[in-house]
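Structural overview for review
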Amino acid sequence: MLSLLFSVVVAAAQGIVIEVPGSADVPLAAPKPQLPAGSPAKEADMVWNAMWTDLDQSGFFRMQDPAGYLEKGKGVAPGEFDFAPWATIKASLLVKTRLYPAGHASCGGGEKICADVYAYYVPTGEELLSTRFKGKASDARHLGHGIANAVLEAATGTPGIFGARLAAVGSQSGNKEIYLLDMDGMNVTSVTRNGAINLSPAWSPDGRSIAWTSYKKANPDLYVKDLGTGRTRVISNVRGVNTSPAFSPDGGRVSLARSEGGDADIYEVNARTGELVRQVTRGGGIDVSPVYLPDGSGMLYASERGGGSQIYLQRGNDAKRVSFVGDFNIDPVVSPDGQKVAWVGRAAGGFDIFVADIDGTNAIRITQDTGDNEDPSWSPDGRYLVFSSTRTGRSELWLSTSDGRHQRQITRTGGWTQPTFR
């Protein structure tokens, strides 16, 4: 089915390209779910809103305004409706759903809701997707994420990541606390509630723990919390800085910047006990923000050893500078495949996000003239970057394709910084 979709798309005169997010905006129509007579619309709205937001964030589609849909209330399965009204509004992809509330006979009569989903390539009437999602009514948004992932895979051949979680710093309580939230900004939960300054959250590779820096005992110490048990432990509390943690790919170590009577250097400690494993850098200026290469063969970090802060790639004892744009670059993050690096650079008018090959070549600036843009983090599939931006006047979280061509706001309450993908 997918190969047929691709052959149709390639042959189409419309020139649709759906292999890279942001490279084309494929017109997509998605009417709200149909419901049996008398059924409540609450869960259906939640499913549809989550799906719509995800597909809009994806960068593959141009979501067509439902107010312009010509067809109203027709069926969802093949043969139950006519493609002509959708062709008239120039939709290329059509997503139709039918939702059955809990207890409905067509959903087995139990406590779960069902969503039947169909996706079509409008120019040919080709059915791309036909599947059923089933879950608790309280998980309606998760069903929406699942639908968006299925539609994206049907249209591109690559699974989606919608429903992925972020950790971030939020100041809505009046203090900087660590929170978890979905990548659409919903389902916010607290990791810390200590009333102190908490910074630099980092996920363990298995997603079961979060490391961060907290001033709850006055000194910026490094903590790790098991999200399942709630148990929290200190793994670095030398007098001075203990900050910018990153877990090793195997989860056994945490790298961090800490100062012991001088400038900050990069250290590795045991992720469970905090026992020192090794000191990675020694002197020569402040070294901060370490991040491991995915294969564990080295790490990137920011260093002032050459004057202004720049990004360095270190394998063994050999460190090479990889940022050459501007005089102040910080906060490197490496893509999941180890091929790209993103960082924050100071530019005229503020801070922006840059992306380059891992050796620093082919650097591009993906934000510009949009306030301060900081704290980048790669999505698990390497397609996107999440970051904080002040472009609306308040610091919010934004999602961008890795080339910067498609950017969408995630949060809308202000006070959000330092997001990181699970």
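This text goes with the structure placed above it.
Structure report, in brief.

Cut-off values and rules
- Residues numbered from 1 in each chain as written.
- Predicted model: local features only at pLDDT ≥ 70, side-chain atom pairs only at ≥ 80, totals over all residues.
- Heavy atoms only, no water.
- Salt bridge = Lys/Arg side-chain N within 4 Å of Asp/Glu carboxyl O.
- Helix = DSSP H or I, 4+ residues; strand = E, 2+ residues; numbered from the N terminus.
- Expected span 1.5 Å × (residues − 1).
- Buried < 20%, exposed > 50% of the residue type's maximum accessible area, 1.4 Å probe, protein only.
- Polar contact = N/O pair within 3.5 Å; in protein donor to acceptor, adjacent residues only side chain to side chain.
- Contact = heavy atoms within 4.5 Å.
- Pairing = 2+ DSSP bridges.
- Axes fitted to C-alpha atoms, helices over the stretch in contact; angles between N-to-C directions.
- Parallel < 35°, antiparallel > 145°, perpendicular 65-115°, else oblique.
- Left-handed = near helix turned anticlockwise from the far one by under 90°.
- Phe/Tyr/Trp six-rings, centres within 6.5 Å; stacked < 30°, edge-to-face > 60°.
- Lys NZ or Arg CZ within 6 Å of the ring centre and 35° of its normal.

1. Here we look at the pattern of salt bridges
- Going through the model one piece at a time under the given rule, you end up with 17 salt bridges.
- Between Asp 287 and Arg 305 there is a salt bridge; the shortest N-O distance is 3.4 Å. Within this pair, whereas Asp 287 is found in strand 17 (residues 287–292), its partner Arg 305 is found in the loop between strand 18 (299–303) and strand 19 (310–315), the two being separated by 18 residues in sequence.

2. Here's the deal with helix 4 (residues 140–156)
- Between its first and last C-alpha atoms helix 4 spans 24 Å; for 17 residues at 1.5 Å apiece the expected length is 24 Å, and the two agree.
- Burial within helix 4 is extensive, with 15 of its 17 residues counted as buried.
- Positive backbone phi, approximately 85°, marks Gly 157, located one or two places after helix 4.

3. Quick notes on the side chain of Thr 192
- Locating Thr 192 in the fold gives a position in the loop between strand 8 (189–190) and strand 9 (198–203).
- We classify Thr 192 as buried; its relative accessible area is 4%.
- Within polar-contact distance, the side chain of Thr 192 engages the side chain of Glu 177 at 2.6 Å.
- If we skip the residues at most four places from it in the chain, Thr 192 touches Glu 177, Ile 178, Asn 198 and Trp 212.

4. Some remarks on the pairing of strand 27 (residues 396–401)
- In terms of residue burial, strand 27 counts as a mostly covered element, since 6 of its 6 residues are buried.
- Where burial is concerned, the two faces of strand 27 agree: the one with Glu 396, Trp 398 and Ser 400 and the one with Leu 397, Leu 399 and Thr 401 are both buried.
- Pairing of strand 26 (residues 384–389) with strand 27, which is carried by 6 bridges, proceeds in the antiparallel orientation. Paired with Phe 387 across the bridge in strand 27 is Trp 398.
- Connecting strand 26 to the next strand, strand 27, in antiparallel fashion are 6 residues, including Gly 393 with a positive phi near 105°.

5. Observations regarding the environment of Ser 400
- Here Ser 400 lies in strand 27.
- Overall, the relative accessible area of 0% leaves Ser 400 in the buried class.
- Separated by 31 residues in the primary sequence, Ser 400 and Asp 369 place their C-alpha atoms 15 Å from one another.

6. Side note on the packing of helix 2 (residues 42–57) against helix 4
- Close contact between helix 2 and helix 4 brings their axes to 7 Å; oriented N to C, the two are set at 40°. By the criterion of interaxial angle, the relationship of helix 2 to helix 4 is oblique. Along this stretch, helix 2 crosses helix 4, giving a crossing that reads as right-handed. Packed against helix 2, whose contacting residues are Glu 43, Met 46, Val 47, Asn 49, Ala 50, Met 51, Asp 54 and Leu 55, the element helix 4 presents Ala 140, Arg 141, Leu 143, Gly 144, His 145, Ile 147, Ala 148 and Val 151 at the interface.

7. As for the packing of aromatic side chains
- By the definition in use, this model includes 12 aromatic pairs.
- Ring geometry for Trp 212 and Tyr 223: centres 5.9 Å apart, planes at 25°, overall stacked. Taken together, the residues Trp 212 in strand 10 (residues 209–217) and Tyr 223 in strand 11 (residues 219–226) connect sequence positions 11 residues apart.
- Under the relative-accessibility criterion, Tyr 223 is labelled buried at 3%.
- Where Phe 328 meets Phe 351, the ring centres are 6.3 Å apart and the plane angle is 65°; that geometry is what we call edge-to-face. One end of the pair, Phe 328, is in the loop between strand 20 (318–321) and strand 21 (329–334); the other, Phe 351, is in strand 23 (residues 350–357), with 23 residues separating them in the sequence.
- What links up through ring pairs into an aromatic cluster is the set Phe 81, Phe 83, Tyr 118 and Tyr 120.
- Across from the ring centre of Tyr 312, 4.9 Å away, lies the NZ or CZ of Arg 305, which sits over that ring.

Read these as geometric descriptors, not functional statements.
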